[in-house]
Amino acid sequence: MTLPAPRPGQAPGRELAEPGFWQAPPAHRLAAFARLRALESPVFVPEGTGHWALVRHAHVQEASRLPKVFASAPGVTTPEPARWVRALFGDSMVNLDGPDHAQLRKIVQRAFTPRLLAAAEADIHAVAARIVDDVLAGEPDEFVSAVASRLPLEVICNMMGIPEHFRPEIADRVNHASENIGVERGLAARLRMPGRGLRALARMQRMVAGIGRERRKNPADDLISALVCANVDGQALGARQLGAFFSLLMVAGVETTRNAITHGLALLTDNPSQRDLLLSDFEAYADGAVDEMIRHSTPIIQFRRTVAAEHTLGGREFRPGDKVVLYYASANRDEAVFPDPDAFDITRSPNPHLGFGGGGPHFCLGAHLARVEMKALFRELLTRPVGLRAVGLPDLAGSNFDNRVRSLKFAFERP
């Protein structure tokens with residue numbers, strides 16, 4: 001791979017601060033990250049107040065596992081959430097540290113009972129089959145809306161116990177809340193879109209808070225009931241905590257899984273030998289295929305951390321108040337960990353990708369369900385007696401936060 005050189009006089013890493021970089025072809029961005037990984041220590045990116053870029057697998061993993069040094073508070077997104085936004089909507093679990101994070105995560109984990117998880121897995125297989133039945137009957141040509149978005153949205157709504165009549169509005173609110181995260185826009189759009197996204201979040205949170213109040217009075221066999229009626233050290237989720245968790249589950253759980261699924265179809269289309277291998281023994285290769293789809297596409301590109309204590313990492317001394325960004329998209333192509341990292345290889349083993357985070361207390365709670373969803377859907381898509389393939393390239397959002405696909409055309413190849 002030929003690595004692109006910076007412009008004359010441009011410091012290494014500076015291009016990561018330029019909007020055009022994130023709208024460039026993926027190969028250009030990956031080559032730039034490869035160049036940064038070859039440097040002796042993390043570089044400074046002059047984006048906003050600036051941050052240090054952690055691009056190696058080992059560095060991202062170390063920072064992830066030292067939450068007392070690399071803190072998630074006051075926020076993991078770029079830019080960090082404003083104080084008034086946090087006060088109004090409450091802190092999401094991803095933005096909390098220490099006892100606050102541990103207590104909230106304990107309540108949520110306790111709610112995911114074996115019975116609830118078993119029911120969710122059975123539901124995943126039923127939903128995947130129904131979606132593919134609908135696709136074969138209607139033969140739509142756009143994959144994100146017809147397939148990839150439907151599965152995680154329906155599964156999460158079923159698991160949470162969201163009534164059917166709320167779901168179309170929730171789907172619309174999720175799109176409004178996330179459509180411009182990490183995407184560079186003109187001044188007018190920057191002034192208008194945050195309000196649109198926050199209004200979408202506010203409506204979702206009001207909706208789920210109302211359901212939570214009803215479930216406290218009349219519990220059902222669903223996740224909202226388990227969360228609001230939990231008794232972990234005498235605590236359950238309050239209205240704001242429930243709303244923040246639901247928003248996280250919707251925006252993170254739906255968006256990341258739908259993007260991994262969409263990239264997965266494109267990867268199988270672009271790599272027919274890997275598709276044939278998967279079809280030769282789906283059960284033997286499916287788990288590896290799902291993890292390789294996640295590694296190769298890396299649905300979340302980066303998360304931010306704030307340095308809370310002096311620490312040396314990669315030959316660089318970090319001091320309290322410094323900002324660092326964990327670039328999972330780079331770590332998942334680290335040549336020191338993944339031989340031939342740009343290849344899509346469903347037999348890759350081991351595959352210690354960081355698509356669900358680098359470990360530590362913030363490792364993704366939904367990792368298991370996401371894997372089950374992807375495996376169930378691709379089993380239905382690939383083992384029916386029709387050929388299904390992507391047509392053209394995915395329409396990427398050009399976000400510096402997530403590897404979001406706006407749309408992907410697809411077609412059938414019937415025998």
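This text gives an overview of the structure that appears in the document. Since the structure is predicted, the reported quantities are computational estimates derived from the model, not experimental observations.

1. Re the pairing of strand β2 (residues 51–54)
Every other side chain in a regular strand lies on the same face of the sheet, so the side chains alternate between the two faces. Here strand β1 (residues 43–45) pairs with β2 via 3 bridges, running antiparallel. When the sheet's bridge partners are listed, Phe44 is paired in β2 with Trp52. Hairpin connection of β1 to β2: 5 residues between the antiparallel strands, including Gly48 at a positive phi of 60°.

2. Digging into the pattern of salt bridges
Oppositely charged side chains are able to pair whenever their charged atoms sit close together. Scanning all chains against the criterion turns up 24 salt bridges. For the salt bridge of Glu154 with Arg130, the shortest nitrogen-to-oxygen distance reads 2.7 Å. One end of the pair, Glu154, is in helix α8 (residues 150–160); the other, Arg130, is in helix α6 (residues 114–138), with 24 residues separating them in the sequence. Accessibility expressed as a relative area gives 17% for Glu154, which makes it buried. Here Arg167 and Glu164 are joined by a salt bridge, their closest N and O atoms 3.6 Å apart.

3. Side note on the packing of helix α12 (residues 239–270) against helix α13 (residues 272–280)
Between α12 and α13, the least distance of the axes is 5 Å, while the angle of their chain directions is 105°. Classified by the interaxial angle, the pair formed by α12 and α13 is roughly perpendicular. Residues Leu268, Thr269 and Asp270 of α12 pack against Pro272, Arg275 and Leu278 of α13. For the contact of α12 with α13, the class distribution of residues is 3 nonpolar, 1 polar and 2 charged.

4. Here's the deal with the pairing of strand β7 (residues 323–327)
Across the 5 residues of β7, 5 count as buried, placing the element largely inside the fold. Neither face of β7 is open: one carries Lys323, Val325 and Tyr327, the other Val324 and Leu326, and all of them are buried. With 3 bridges connecting them, β2 and β7 associate as parallel partners. Considered in β7, the bridge of Leu54 is made with Leu326. As defined by bridge partners, strand β4 (residues 302–307) adjoins β7 across 5 bridges and the pair is classed as antiparallel. Note that in β7 the partner of Thr306 across the bridge is Lys323.

5. Examining the environment of Phe33
Note on placement: Phe33 falls in helix α2 (residues 26–37). Measuring from C-alpha to C-alpha, the distance between Phe33 and Leu268 comes to 24 Å, with 235 residues separating the pair along the chain. Setting aside residues no more than four positions away along its own chain, Phe33 makes contact with Leu16, Trp22, Val55, Tyr327 and Ser330.

6. Things to note about the layout of surface pockets
Taken as a whole, the second largest pocket spans an internal volume of roughly 820 Å³. Along its surface, the second largest pocket is lined by 33 residues, and Pro26, Arg29, His263, Leu396 and Asn403 are the ones closest to its centre. Listed by contribution, the elements that provide at least two residues to the lining of the second largest pocket are α1 (19–23), α2, α12, α14 (282–297) and β8 (387–396). Here the lining of the second largest pocket takes 5 residues from α2, the largest share from any one element. In the lining of the second largest pocket, the residues fall into 17 nonpolar, 9 polar and 7 charged.

Criteria and thresholds
Residues numbered from 1 in each chain as written. Predicted model: local features only at pLDDT ≥ 70, side-chain atom pairs only at ≥ 80, totals over all residues. Heavy atoms only, no water. Pairing = 2+ DSSP bridges. Helix = DSSP H or I, 4+ residues; strand = E, 2+ residues; numbered from the N terminus. Salt bridge = Lys/Arg side-chain N within 4 Å of Asp/Glu carboxyl O. Buried < 20%, exposed > 50% of the residue type's maximum accessible area, 1.4 Å probe, protein only. Axes fitted to C-alpha atoms, helices over the stretch in contact; angles between N-to-C directions. Parallel < 35°, antiparallel > 145°, perpendicular 65-115°, else oblique. Contact = heavy atoms within 4.5 Å. Nonpolar A, V, L, I, M, F, W, Y, C, P; charged D, E, K, R; others polar. 1 Å grid on protein atoms, 1.4 Å probe; cavity = no way out; pocket = protein on both sides within 12 Å on 5 of 7 lines; lining within 4 Å. Points joined across faces, edges and corners; volume = space filled by probe spheres on them.

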